[in-house]
Amino acid sequence: MILSRDIGIDLGTATTMICDRKGRIIVREPSVVAVDVKTKRVVATGTQAKQMIGRTPGSIVAVRPLKNGVIADFDMTADMLHSFIFRSDKRSMFSKTRVVISVPSGVTEVERRAVEDAVRSAGAQDVELIDEPMAAALGAGLPVYEPTGSMIVDIGGGTTDVAVLSLGGIAACKSIKVGGEAMDEAIIDFIKREFNILIGDRTAEEVKLDLGSALPLRDERRARIRGRDMVTNLPQTTEITSTQIYEALHEPCMAILGAIKWVLERTPPELAADVMRGGIHLTGGGSQLFGLDQYIATELGIPVLLAKEPTDCATLGLGYLVENL
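Each chain carries its own residue numbering, running from 1 in the written order of its sequence. In keeping with the model being predicted, local features are shown solely for residues with a pLDDT of at least 70 and side-chain atom pairs are shown and tallied solely at 80 or more, while totals for entire chains, interfaces and linings include all residues. For side-chain calculations, the full set of non-hydrogen atoms in the structure is used, while hydrogens and water are omitted.

**A look at helix H8 (residues 269-278)**
Consideration 1: Where H8 is concerned, the buried positions are Leu271, Asp274 and Val275. Down the axis of H8, the buried set is contained in an arc of 100°. They therefore lie on one face. Exposed side of H8, more than 90 degrees from the buried face: Pro269, Glu270 and Arg277 are the residues found there.
Consideration 2: Buried residues along H8 sit in contact with strand E11 (150-155), strand E12 (160-166), strand E13 (169-176), helix H7 (242-265) and strand E17 (280-283).
Consideration 3: Comment: elements are numbered from the N terminus, with helices defined as DSSP H or I runs of at least four residues and strands as E runs of at least two. Directly beyond the C-terminal end of H8, a positive phi value near 85° is found at Gly279. A simple rule labels every residue: compare its accessible area, found with a 1.4 Å probe on the protein chains alone, to the largest value its type can have, and call it buried under 20%, exposed over 50%, or partly exposed in between. Directions pointing from the helix axis toward each C-beta atom define the arc. We call two residues contacting when some pair of their heavy atoms lies within 4.5 Å.

This is the structure in structure tokens:
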């Protein structure tokens, strides 16, 4: 008898999560692969590979096989998924694996096919693709199958998906290539421009978590950062303030707001009235940026609610779909 195993995969630009039928998250790993350049062999995946970013010898490179929510390197993505699926259950080689996987709402048919093929190459027999906003809305507990409009804004690592859902379908949606990584890049560019210092992705992420906000803070905070001076090429330390980081993050925040406005303009009036009543729901890791909910609510005059477990919403929604396959 072949044992069938159903799992949900939230294939994110920054993090990949796998859940079982009961919605429990069994794998939570960074979407990173370390590869030996000479032999093209995968050396490490996930957390182990992330620790190598920017710290590898010449023969090994640590790369992110996904860019802006879509597959940039097919073979590496397949290898990474194979490793994660096997890690989720050591017996997976002996059972039939059925996978429900989320994809950004704006991807093309070719990109959808690439995701499906990568999952099959990783050892899955049946693959079901679900739009990211639908999975996130289910995980956030929104009434997506009822005849009322629910608005979800899912801010991930590489993309932000904005959608209005009703009766189990998407009434209006937009996916933009702005997310947590775009915020990190904005901080790197700002520090390069203002201080002539080059910092790495990990430092930028730490600065974002410590000082980042979508609104100016009343009490200014400071932090010391280390990087490389672009004039002397020597290590350099400088101090930055939360006001400077607010300035750096203003553009990505405006891009997210612009996408929400675009979707609201194209939402049927009845559903738009429901959104005004029920509010906009934020999910995804990027939604935890301090003050982002207040910023959107102030600009649009619509209540904005942050989901209970924003980073896990899409995965929990996939768990619900896996259970009801």
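Text resumes after the structure shown.
**Quick notes on the sheet that holds strand E9 (residues 96-103)**
Consideration 1: One requirement defines pairing of two strands: DSSP has to find at least two bridges between them. Strand order in the open sheet made by the 5 strands is E3-E2-E1-E9-E10, with mixed pairing throughout. The two strands at the open ends of the sheet, each matched to only one other strand, are strand E3 (25-30) and strand E10 (126-131). Between one strand and the next, the sheet's axes are offset by a mean angle of 20°, whatever the strand orientation.
Consideration 2: Axes here mean lines fitted to C-alpha atoms, for a helix over just the part in contact, with angles spanning 0 to 180 degrees between N-to-C directions. Helix H2 (residues 74-88) rests against strand E1 (4-11), strand E2 (15-19) and E3 of the sheet, and its axis sits at about 130° to E1.
Consideration 3: Helix H4 (residues 132-139) contacts E1, E9 and E10 of the sheet and is inclined by roughly 80° relative to E10.

**Re the nonpolar core**
The nonpolar side chains of a soluble globular protein tend to be buried, and buried together.
Consideration 1: Joining through side-chain atoms within 4.5 Å is the link that ties buried Ala, Val, Leu, Ile, Met, Phe, Trp, Tyr and Cys residues into a set, and such a set is a nonpolar core. Residues Met151, Ile187, Ile260, Ile280 and Ile296 are the most contacted members of the largest nonpolar core, which totals 42 residues.
Consideration 2: Among the elements that take part in this core, H7 stands out by supplying 10 residues, more than any other.
Consideration 3: Residues contacting Met151, with those up to four places away along its chain left out, are Leu142, Val162, Ala163, Val164, Ile260, Val263, Leu264, Val275, Gly279, Ile280 and His281.
Consideration 4: Residues Leu11, Val99, Val103 and Val115 belong to the second largest nonpolar core, which totals 26 residues.

**What to know about the packing of aromatic side chains**
Consideration 1: Note on aromatic pairs: the rings of Phe, Tyr and Trp (six-membered ring only in Trp) are paired at centre separations within 6.5 Å, and the planes decide the class, stacked below 30 degrees, edge-to-face beyond 60, tilted for the rest. Counted by the stated rule, this structure contains 0 aromatic pairs.
Consideration 2: Here, a charge over a ring is recorded when the distance from Lys NZ or Arg CZ to the ring centre is within 6 Å and its angle to the ring normal is within 35 degrees. Stacked on the ring of Trp262, the Lys or Arg Lys174 has its end atom at 4.6 Å from the ring centre.

**Quick word on the state of the cysteines**
Consideration 1: Criterion for a disulfide: a pair of cysteine sulfur atoms within 2.5 Å. Scanning the model with the defined rule gives 0 disulfides in all.
Consideration 2: Sulfur of Cys253: no disulfide; nearest cysteine sulfur belongs to Cys313 and is 19 Å away.
Consideration 3: Distance from the sulfur of Cys313, which forms no disulfide, to the nearest cysteine sulfur (Cys19) is 12 Å.

**Digging into the pattern of salt bridges**
Consideration 1: Here, a salt bridge means any side-chain nitrogen of Lys or Arg that lies within 4 Å of a carboxyl oxygen of Asp or Glu. Using the criterion set out here, one finds 14 salt bridges in the structure.
Consideration 2: Between Glu205 and Lys50 there is a salt bridge, and its shortest N-O distance comes to 3.9 Å. Taken together, the residues span a long stretch of sequence, with Glu205 in helix H6 (residues 201-211) and Lys50 in helix H1 (residues 47-50) at a distance of 155 residues.
Consideration 3: Lys50 gets classed as partly exposed once you look at its relative accessible area, which sits at 24%.
Consideration 4: Salt-bridge contacts for Arg120 lead to Glu116; the nearest nitrogen and oxygen are separated by 3.4 Å. Of this pair, Arg120 and Glu116 both sit in helix H3 (residues 109-121), separated by 4 residues, roughly a single helical turn.
Consideration 5: With relative accessibility at 22%, the residue Glu116 sits in the partly exposed group.
Consideration 6: Within this structure, Glu220, Arg222, Arg224 and Glu239 form a network of salt bridges that share partners.

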